[in-house]
Amino acid sequence: MEKTNTRRLSRSDWLAKALETLQVKGIDAVSINALAKELGVTKGSFYWHFKNRQELLDGLLTLWDEVATEAVIEYIDGSHLDGRSKLFALMEFVLAEELGRFEPAVRAWAQYDARAAARVGAVEEKRLHYVTGLFLEAGFDRTEADARARLFLDYMNGVQSSQIFGGQHRPPELLRLQHLILTS
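Colleague: How should the nonpolar core be read in this particular structure?
Modeller: Grouped together as the largest cluster of nonpolar side chains are 30 residues, with contacts concentrated most on Trp14, Leu22, Val30, Leu56, Leu60, Trp64 and Trp109. At the level of elements, α1 (11-25), α2 (32-39), α4 (53-77), α6 (103-110) and α7 (114-137) are the ones that each hand at least two residues to this core. When neighbours within four sequence positions are excluded, Leu22 is seen to be in contact with Ile27, Val30, Leu60, Ala105, Val106 and Trp109. Residues Ala89, Phe93, Leu134 and Leu182 belong to the second largest nonpolar core, which totals 28 residues.

Colleague: Got a minute to help me understand α2 in this structure?
Modeller: In an α-helix, one turn spans 3.6 residues; hence positions three or four apart end up facing the same way. Taken together, the buried positions of α2 are occupied by Ile32, Leu35, Ala36 and Leu39. One face of α2 carries all of its buried residues, which in axial projection span an arc of 100°. Seen from the open side of α2, the exposed residues pointing more than 90 degrees away from its buried face are Asn33 and Lys37. Looking at the packing, one finds that the buried side of α2 touches α1, α3 (43-49) and α4.

Colleague: What exactly am I supposed to notice about the packing of aromatic side chains here?
Modeller: The geometry of an aromatic ring pair is captured by two quantities: the separation of the ring centres and the angle between the planes. Counted according to the given criterion, the structure contains 6 aromatic pairs. Taking the centre distance of 5.0 Å and the plane angle of 25° together, the rings of Phe46 and Phe50 count as stacked. Residue Phe46 shares its accessibility class with Phe50, and that shared class is buried. Here the aromatic rings of Tyr75 and Phe93 are separated by 4.1 Å at their centres, their planes lie at 15°, and the arrangement is stacked. Here Phe93 lies in helix α5 (residues 83-96) and Tyr75 lies in helix α4, a separation of 18 residues in the sequence. Since its relative accessible area comes to 45%, Tyr75 is described here as partly exposed. Here the aromatic cluster, defined as three or more aromatic residues joined through ring pairs, consists of Trp14, Phe46, Tyr47 and Phe50.

Rules behind the numbers
- Residues numbered from 1 in each chain as written.
- Predicted model: local features only at pLDDT ≥ 70, side-chain atom pairs only at ≥ 80, totals over all residues.
- Heavy atoms only, no water.
- Core = buried A, V, L, I, M, F, W, Y, C linked by side-chain atoms within 4.5 Å.
- Buried < 20%, exposed > 50% of the residue type's maximum accessible area, 1.4 Å probe, protein only.
- Helix = DSSP H or I, 4+ residues; strand = E, 2+ residues; numbered from the N terminus.
- Contact = heavy atoms within 4.5 Å.
- Arc of directions from axis to C-beta.
- Phe/Tyr/Trp six-rings, centres within 6.5 Å; stacked < 30°, edge-to-face > 60°.

Below, the structure is given as structure tokens:
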């Protein structure tokens, strides 16, 4: 007989387990039955917090946005640094916290799910708008700020992917040099 969890789970518990499952096993593994089993509870606990799997998936995309975008923006905006320093702080924070660890799984999901693709597109636009603003704050004109923001985000996606797939963390000196190249 399986042991069940006697602790009452929250919506956040379910979403955190779903995000972890998405990262490790992909979207097909994010099922009500599998999550309930992993959490050691019955499916009834799921239906206390969600109407159906689609509501869970929508919440999962919201959580990803909050963790990998909104929390970063809040952290950087709270720093009261100048634009160039905020860009460096953003690089450090995202890489140190390994916030890109969810990106491959979310983007793979978005390849064949229109709702996920729309949300990923909206998050990308939010990130682009924010980073463009940091380059504007650093003194670049609109055209150059936009181009540099796109390059910066492409760079960050590449660095995060290399970390996820066995790459080593960047030494601080290399990160500073890369920041200088991107912001000079």
